[in-house]
Amino acid sequence: MTDKETLNVIKKNVRNFYYDPTDTSDEILQLMQADGSFSDLDYQNQNWTSWPPYLHLCRVSALCRMVSCSQNKIFGDKMVKLKIHDLLGYFIRGNFHSENWWQNDVGVPMECTVILLLFSEELTKEEHAAVQRYAEGNPSLPRGFTYNSNQSADGLRPYQSQSCHMMSQLVDTHKYVVSQGYSAEKAMIAIRDCLRAVDWELSVVTWAPGFGPHGLYSEEHSIKADYSYHEHENCVEPNSYGNGMIENLADLFSFWRGTQLRLAEKTVKTLANLLLDGYRYMRYRGFSPMMLLGRDACSVEFPSYYRISLMKAFVTICDTLLSDYPNVPRRDELQHFRSCMAEPDAHPYFCGSKYFWESDLLSHNRAQYQFTVHGTSTRLKRPESILKKNVQGMFLGDGCYNLLQSGREYEQIQMCMDWRRLPGITSNLNVQDAQLNPESEIDTQIDTLRLFGGAHGTREYAGGASDGVSGFFAMDYAHLGVCARKAWFCFDEGIFCLGAGITAENGAHAYTTLNQCKGIGTVVADGIQLQKGAHTQQNCHWVLHDGVGYILPQRQTVHIQNQLVVGSWRRVDRDSGTDEAIGKPIFLLGIDHGEKAENESYAYFLLPGATAESVSLAAENLPLCVLQNNRAVQAVYKPETGELHAVFYQRGSVCFGQSTLTVNEPCAILFKPRENGYRFYISNPLHTAKTVRLALNGVYQNTLLCRLTAGFRCNNLGRPLAYDSDLGFLPHSGAQTEEV
């Protein structure tokens, strides 16, 4: 295709993408006042996210999308067009400016490019100049035809290095170029630069720190080597900013449909891996675990953890890869992933387990459930509490987990939850609501920026291992006076959760939460159905709620709540939340270690898909056994297969079956015997280069030196090394092993 032909296809695609055939103009215009403002918007309000002038412009943009669409019943409506001029005039005269840079540099320009794209011919000369000036507030537009250009005659600026914002700017560049009537040659220079920018952005995970094009890459880059996603300097954000990157990439694919524009083969491989080895583990049937949503975990704008637009984006990307790239790898997996995103309830989810070594994260997936746990360390920030959102989310990165079966277990109950008792965490109950995020710390711009990205963890030890089928994660935890060694071991049969060395210091009150979720149906404890309310169950062996069994092998006293809890959105979202009282049924199950806890421990087993009968039987005959649970070692063994998961916080040994495993350094090991041999996966949760001496005595007698070193990719120190007794070291960047 010639440049002119390609540009014509892109122009058609871009305009068709933004046309809206659904008429909602009455809902918008009935709020319009004579001066061109909206009666429900307070234009003096400086909300950081729901900024009223931006919402005003979004409505103007929406009307432009409707009135310019030939399939909409108000297509070409002169009265609606006059209203658009009045609304636009009010916005221009207001000369609004937000305290949030995003509104000025991204949000407003994004909507103005839509207005230029679809309504440009209707604008007066003065309106056009003003809208274009607002559109060019986006640094990429008047100066950004290339992502790294130093040669442009226009003096263009680079795009932002954050993946989400970069993809958004590439989308805006297409809208802007199409609206400006550039020559085919000039327009296609800009569009091909966008294509190269995507190639660069999705290839960056293979580069070492500081060695990207023009030195733009650093360890804080968004897409990580393990296909997780960070933003705001090592804050895990796959389902917030990461969602934005995926949705904008899908938009670009829609713009390029029917052309010969193609990504590089290396980029396509990376993108397939990003979907299958990254995002596939981050969502379950379209729902996100709350820990991976950043500040969107508690936001009025995102009350649901399900995102339809993201599911459509995944489908668009998969369709493009499968149809336009015949050599795309892992086609069958992509097709299944596409099917699960298009019809989440019609297809069983995939089975797989992955430890993300750059994100202190483990995701364990089976056809009927997903278990995800997110820990904390000195290397990562906790999920962010900024812009007055997620103001009580301090503990979201402290070993919080979500166990999803329907996907709806945790959504739309944020305003009623006790945020000191998140699922899986061991925390200080003496922390009050105000201390989770003091009002004084979020009501000034300086303090808001200080909280940007959340606080780092306080201990270095956090890591695990996985083989694609099973896996585990562990961490040395200390926060607000509570210390603990915590580990989660995931097998086919379920998840074993261990805690040891639990200590409360400086007046702290230590408490471990087994779950806090939406209260659905009845609660059964040791065969007895409990009434609504709060209960203390002594010597408890098992509890059942909403198809999940909680088995305590050593029988412990547990506290159970199954009752209506009243809260308000303002508790968790002080930007857009109101004080309106909202009641939700909440189920909460926990173990109270007390204010004088010293070297306390717990052990419980999560059994998804449980019934009263199955959990009762499993409680009497667990398929897994705890070998050790103390400050030095936490280990779980599966006698039927001989599989061992072991966490060593210091040098030590563990006996399993007819063998003993001894190590001379802290490490995490997943050991799997097989016929006439074995395979193990070992990592260093301290993320430092070291040599671990591993000795196997008994049936698997052998001694090996495992050298864990920094690899070609950034932050490879925590990545598990794999060793096979027949094949030897299974290669990946930077790790070595040898027999002694």
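In this section: unusual backbone geometry. Here Asn539, not a glycine, exhibits a phi torsion of approximately 55 degrees, which is positive. By the secondary structure assignment, Asn539 is in strand β15 (residues 533-545). For Asn539, a relative accessible area of 48% gives the class partly exposed. Despite not being glycine, Asp546 has its phi angle at roughly 50 degrees, a positive value. For Asp546, the location among the structural elements is in the loop between β15 and β16 (548-567). Overall, Asp546 belongs to the partly exposed group, its relative accessible area being 27%.

A sheet is described by the order of its strands in space; here 4 strands give the open sequence β3-β4-β5-β6, paired in antiparallel fashion. The open sheet terminates on both sides in strands that have one partner only, identified here as β3 (352-356) and β6 (400-404). Direction aside, the axes of adjacent strands within the sheet are offset by 5 degrees on average. Relative to β6, strand β5 (residues 369-374) runs antiparallel, the two sharing 5 bridges.

Another aspect to go through is the pattern of salt bridges. Taken as a whole and judged by the stated rule, the model has 30 salt bridges. Of the charged contacts in the structure, one is a salt bridge between Glu122 and Lys81, with a shortest N-O distance of 3.0 Å. Here Glu122 is found in the loop between α5 (101-119) and α6 (125-135), whereas its partner Lys81 is found in helix α4 (residues 78-94), with 41 residues between them in sequence. Residue Glu665 pairs with Lys690 through a salt bridge whose shortest N-O separation is 3.3 Å. Placement of Glu665 in the loop between β23 (659-663) and β24 (667-674) and of Lys690 in strand β26 (residues 690-698) is noted, with a sequence separation of 25 residues between them. Accessibility expressed as a relative area gives 26% for Glu665, which makes it partly exposed. On the basis of relative accessibility, which here comes to 14%, the residue Lys690 falls in the buried class. Residues joined by salt bridges that share partners form a network here, namely Asp277, Arg280, Arg330 and Glu333.

The next point concerns α5. Counted at 1.5 Å a residue, the expected span for α5 with its 19 residues is 27 Å, and the 26 Å between its end C-alpha atoms agrees. At Pro109, α5 shows its strongest bend, of approximately 30 degrees. Of the residues that open α5, the one with a side-chain oxygen 3.0 Å from the backbone nitrogen of Trp102 is Asn100.

Looking now at the packing of aromatic side chains. Taken as a whole and assessed by the stated rule, the structure comprises 33 aromatic pairs. Note on Tyr678 and Tyr700: the rings are 5.9 Å apart at their centroids and 75 degrees apart in plane angle, and the pair reads as edge-to-face. With Tyr678 in strand β25 (residues 677-683) and Tyr700 in the loop between β26 and β27 (702-708), the pair connects residues that are 22 residues apart, well separated along the chain. A connected cluster of aromatic rings, assembled from ring pairs, spans Tyr637, Phe656, Phe671, Tyr678, Phe680, Tyr700 and Tyr723. One residue, Arg280, lies across the ring of Phe350, its end atom 4.1 Å from the ring centre. Residue placement shows Arg421 over the ring face of Tyr511; its charged tip is 4.8 Å from the ring centre.

What follows concerns the pairing of β23. The alternating pattern of β23 places Ser659, Leu661 and Val663 on a buried face, while none of Thr660 and Thr662, on the opposite face, is buried. With 5 bridges joining them, strand β22 (residues 652-656) and β23 adopt antiparallel strand pairing. Following the sheet pairing, Cys655 is matched in β23 by Thr660. Between β22 and β23, which pair antiparallel in sequence order, lie 2 residues; one of them, Gly657, sits at a positive phi of approximately 55 degrees. Pairing of β23 with β26 involves 5 bridges; the strand directions are antiparallel. From the neighbouring strand, Thr660 faces β26, where its bridge partner is Asn697.

Mapped onto the elements, Gly242 comes out in helix α9 (residues 241-256). Exposure remark for Gly242: the relative accessible area of 0% places this residue in the buried category. In sequence terms Gly242 and His165 are 77 residues apart; their C-alpha atoms lie 10.0 Å from each other. Non-local contacts of Gly242, meaning those with residues more than four positions away in its chain, are made with Tyr229, Glu237 and Tyr279.

Our next topic: the side chain of Thr426. Mapped onto the fold, Thr426 is located in strand β7 (residues 426-428). The buried category is assigned to Thr426, whose relative accessible area is 0%. Polar side-chain contacts of Thr426 include one of 2.8 Å to the side chain of Thr512. Setting aside its immediate chain neighbours within four residues, Thr426 contacts Tyr477, Val482, Lys486, Ile502, Tyr511, Thr512, His593 and Tyr602.

On to the sheet that holds strand β20 (residues 633-638). Strands sit in the order β19-β20-β21-β24-β25-β28-β29 across an open sheet of 7 strands; the sheet is antiparallel. A strand with exactly one partner marks an edge of an open sheet, and here the two such strands are β19 (625-629) and β29 (728-730). For this sheet the average axis-to-axis angle between neighbouring strands, irrespective of direction, equals 15 degrees. With 4 bridges connecting them, β19 and β20 associate as antiparallel partners. Considered in β20, the bridge of Val626 is made with Val636.

Conventions and cut-offs
Residues numbered from 1 in each chain as written. Predicted model: local features only at pLDDT ≥ 70, side-chain atom pairs only at ≥ 80, totals over all residues. Heavy atoms only, no water. Helix = DSSP H or I, 4+ residues; strand = E, 2+ residues; numbered from the N terminus. Buried < 20%, exposed > 50% of the residue type's maximum accessible area, 1.4 Å probe, protein only. Pairing = 2+ DSSP bridges. Axes fitted to C-alpha atoms, helices over the stretch in contact; angles between N-to-C directions. Salt bridge = Lys/Arg side-chain N within 4 Å of Asp/Glu carboxyl O. Expected span 1.5 Å × (residues − 1). Bend = angle between axes of the 7 residues up to and from the residue. Polar contact = N/O pair within 3.5 Å; in protein donor to acceptor, adjacent residues only side chain to side chain. Phe/Tyr/Trp six-rings, centres within 6.5 Å; stacked < 30°, edge-to-face > 60°. Lys NZ or Arg CZ within 6 Å of the ring centre and 35° of its normal. Contact = heavy atoms within 4.5 Å.

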